[in-house]
Amino acid sequence: MGRWDHTRQLLRIGRPAETGGDAPVEPFDDWSRGPDRGPRSMRCRSICIASGKGGTGKSSITASLADLFRHKGRALLLDADLGCANAHIFHDVHPDHSFADVIAGDREVHEIVTACAPDLDLLPGGSGVGRLAGLQEYELEMIGRGLTRVEPLYAYLLVDSAAGLSRQTVAFAAACDQTLLVTTPDVTAMTDAYAFLKVFTRQCEALGERRALPLLVVNRAANADEASQVGARLQEVTRKFLDRRLEVLGWLPEDRAVFRSTQQRQSVVAGEPDSPVAQALELVATKLEERLQGEDGAGMGARLEAMSTRERTPRRA
Ligand SMILES: Nc1ncnc2c1ncn2[C@@H]1O[C@H](COP(=O)(O)OP(=O)(O)OP(=O)(O)O)[C@@H](O)[C@H]1O
Ligand SMILES: [Mg+2]
């Protein structure tokens, strides 16, 4: 049995659909004017890659998903690890500007868009600016407003999240159409993954929204059994304490190819496409795309802007 078939069998999912390759993406209409799409609907689908604990593999996974999704449609990668950004490293670019300039009032969001690869652009997060990790609501609102301008130009928006449970981090996830929650088999990472689910659910409910739970991805698993045990344990606590059903999207093996590719400043799907982890990432991307198909995005920028406006508007007694 080939490695590809073997991986697919371990994940118990079907053969990936043929993709359209590098077909050019047509520029989109102004989404706010679409007569039958409604005012809060657009073709750009947003996906946040999050985790409670740091170092679970969010940036590595996002870099690979960006390289896979850009072949499905024009993609934008948003580095939401503001202040400790490193998404640019995986694509070997050296951005001149970042969200630090946007927050300083020197640049608009569309002015920091940095080309990474064919059909892939980056919104750089900025490094070494501690204040970016704790933005004010009006600053998040400003980012949201700027995003509404660039989003319609893309088919996919991938958000590389910061670790942790800060309001800002969870707000980025809650503003996206879909969130991937990354955990490793470490008990500390699993505990923090559950904490993320809890805070995410509460924050969405506080905004009056019952959103779909994030989809779980188990990274750095030794084998399929270990990954399925991790998934089952998190599903159990989520059912018991949140009364919600957690879906496991897939798992990725522990694979030194991730490290080697990062050292070469590229994603593992670009650097070592035949490695077990790259092939498992392809399956995760395929499943994710299936989940997003047939649904328009709600507009991450518009959601972020609306959420932040609501938060800073005093509520009536
Ligand atoms: N499947 C894997 N196999 C082996 N090593 C991996 C795997 N996934 C990630 N790593 C390694 O784990 C480390 C952390 O990865 P990464 O920076 O992507 O995590 P992160 O969640 O973005 O971290 P942070 O929370 O600091 O942003 C890196 O050294 C990376 O090479
Ligand atoms: Mg990271």
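That block above? That's the structure.
A brief structural summary. Small disclaimer: the values here were computed from a predicted structure and weren't measured. (Residues numbered from 1 in each chain as written. Chains lettered and ligands numbered in written order. Predicted model: local features only at pLDDT ≥ 70, side-chain atom pairs only at ≥ 80, totals over all residues. Heavy atoms only, no water.)

Comments concerning the overall build of the protein
Counting its secondary structure elements, the protein contains 11 helices and eight strands. Counting over 317 residues, the protein shows a buried share of 53%. The contacts of the protein with a sequence gap of at least 6 include a subset with a gap of at least 24, amounting to 79%. About 14,600 Å² of surface is accessible on the protein, with carbon and sulfur atoms providing 46% of the total. (Helix = DSSP H or I, 4+ residues; strand = E, 2+ residues; numbered from the N terminus. Buried < 20%, exposed > 50% of the residue type's maximum accessible area, 1.4 Å probe, protein only. Contact = heavy atoms within 4.5 Å. Areas by Shrake-Rupley, 256 points an atom, 1.4 Å probe, with all protein chains shown as cover.)

Focus: the side chain of Thr183
By the secondary structure assignment, Thr183 is in strand β6 (residues 178–183). You can call Thr183 buried: its relative accessible area is 0%. At 3.4 Å, the side chain of Thr183 and the backbone nitrogen of Met190 are in polar contact. When near neighbours in sequence (up to four residues on either side) are disregarded, Thr183 contacts Ala189, Met190, Ala193, Leu216, Val217, Val218, Asn219, Val230 and Leu234. (Polar contact = N/O pair within 3.5 Å; in protein donor to acceptor, adjacent residues only side chain to side chain.)

A few points about the layout of surface pockets
Estimates place the volume of the largest pocket at around 440 Å³. Along its surface, the largest pocket is lined by 26 residues, and Gly57, Ser60, Asn219, Arg220 and Val258 are the ones closest to its centre. Listed by contribution, the elements that provide at least two residues to the lining of the largest pocket are α2 (58–69), β7 (215–221), β8 (247–253), α8 (257–263) and α10 (276–292). If one sorts the elements of the lining of the largest pocket by residue count, α2 sits on top with five residues. (1 Å grid on protein atoms, 1.4 Å probe; cavity = no way out; pocket = protein on both sides within 12 Å on 5 of 7 lines; lining within 4 Å. Points joined across faces, edges and corners; volume = space filled by probe spheres on them.)

Overview of the site of ligand 1
Gly55, Lys58, Ser59, Ser60 and Asp255 are the nearest of the 17 residues found near ligand 1. At 3.0 Å, a backbone N or O of Gly57 approaches an oxygen atom of ligand 1. Burial of ligand 1 by the protein chains amounts to 78% of its free accessible area of 640 Å². Put simply, the parts of the chain that give the shell around ligand 1 at least two residues each are α2, β7 and α8. The leading source of residues in the shell around ligand 1 is α2, at three residues. By residue class, the composition of the shell around ligand 1 is five nonpolar, seven polar and five charged. (Near = heavy atom within 4 Å. Nonpolar A, V, L, I, M, F, W, Y, C, P; charged D, E, K, R; others polar.)

As for the pattern of salt bridges
Scanning all chains against the criterion turns up 13 salt bridges. Between Lys72 and Glu289 there is a salt bridge; the shortest N-O distance is 3.2 Å. Of this pair, Lys72 sits in the loop between α2 and β2 (75–80) while Glu289 is found in helix α10, placing the two residues 217 residues apart along the sequence. Using a relative accessible area of 14% as the deciding quantity, one classes Glu289 as buried. Here Glu254 ties to Arg220 by a salt bridge, and the two come within 2.8 Å at their closest N and O atoms. Note that Glu254 is positioned in the loop between β8 and α8 and Arg220 in strand β7, a separation of 34 residues in sequence. (Salt bridge = Lys/Arg side-chain N within 4 Å of Asp/Glu carboxyl O.)

Overview of the nonpolar core
Counting residues in hydrophobic clusters, the biggest one holds 52 residues, and the most contacted among them are Leu78, Phe99 and Met300. The element that contributes the greatest number of residues to this core is helix α6 (residues 187–206), accounting for seven residues. Not counting residues within four places of it along the chain, the set of residues in contact with Leu78 comprises Phe99, Leu123, Leu147, Leu157, Leu158, Val159, Asp160, Phe172 and Met300. Judged by nonpolar contacts, the second largest core, of 34 residues, contains Leu68, Ala75, Cys116 and Ala155. (Core = buried A, V, L, I, M, F, W, Y, C linked by side-chain atoms within 4.5 Å.)

Regarding the sheet that holds strand β3 (residues 114–117)
Pairing is mixed in the open sheet, where eight strands are placed in the order β3-β4-β2-β5-β1-β6-β7-β8. The sheet is open, and its two edges are formed by β3 and β8, each paired on a single side. Between one strand axis and the next, the sheet turns by 25° as a mean value, whatever way the strands run. Of the strand pairs in this sheet, β2 and strand β4 (residues 120–123) are connected by four bridges, and their pairing is parallel. Bridge assignment links Leu76 to a residue of β4, and that residue is Asp121. Most of the contacts of α2 go to strand β5 (residues 156–161), to which it runs at about 170°, and overall it touches β1 (45–50), β2, β4, β5, β6, β7 and β8. Helix-sheet contacts for α6 involve β1 and β6, and the interaxial angle to β6 is about 155°. (Pairing = 2+ DSSP bridges. Axes fitted to C-alpha atoms, helices over the stretch in contact; angles between N-to-C directions.)

Quick notes on the packing of aromatic side chains
A complete count under the given rule lists three aromatic pairs for this structure. Between the aromatic rings of Phe196 and Phe200, the centroid separation amounts to 6.1 Å while the plane-to-plane angle is 25°, which identifies the pairing as stacked. On the criterion of helical spacing, the pair formed by Phe196 and Phe200 is a turn pair, its members being four residues apart in helix α6. Across the pair, Phe200 and Phe196 agree in class, each one buried. Across the ring face of Phe69, the terminal group of Lys72 is positioned such that the distance to the ring centre comes to 5.8 Å. (Phe/Tyr/Trp six-rings, centres within 6.5 Å; stacked < 30°, edge-to-face > 60°. Lys NZ or Arg CZ within 6 Å of the ring centre and 35° of its normal.)

Keep in mind these numbers describe shape, not what the thing actually does.
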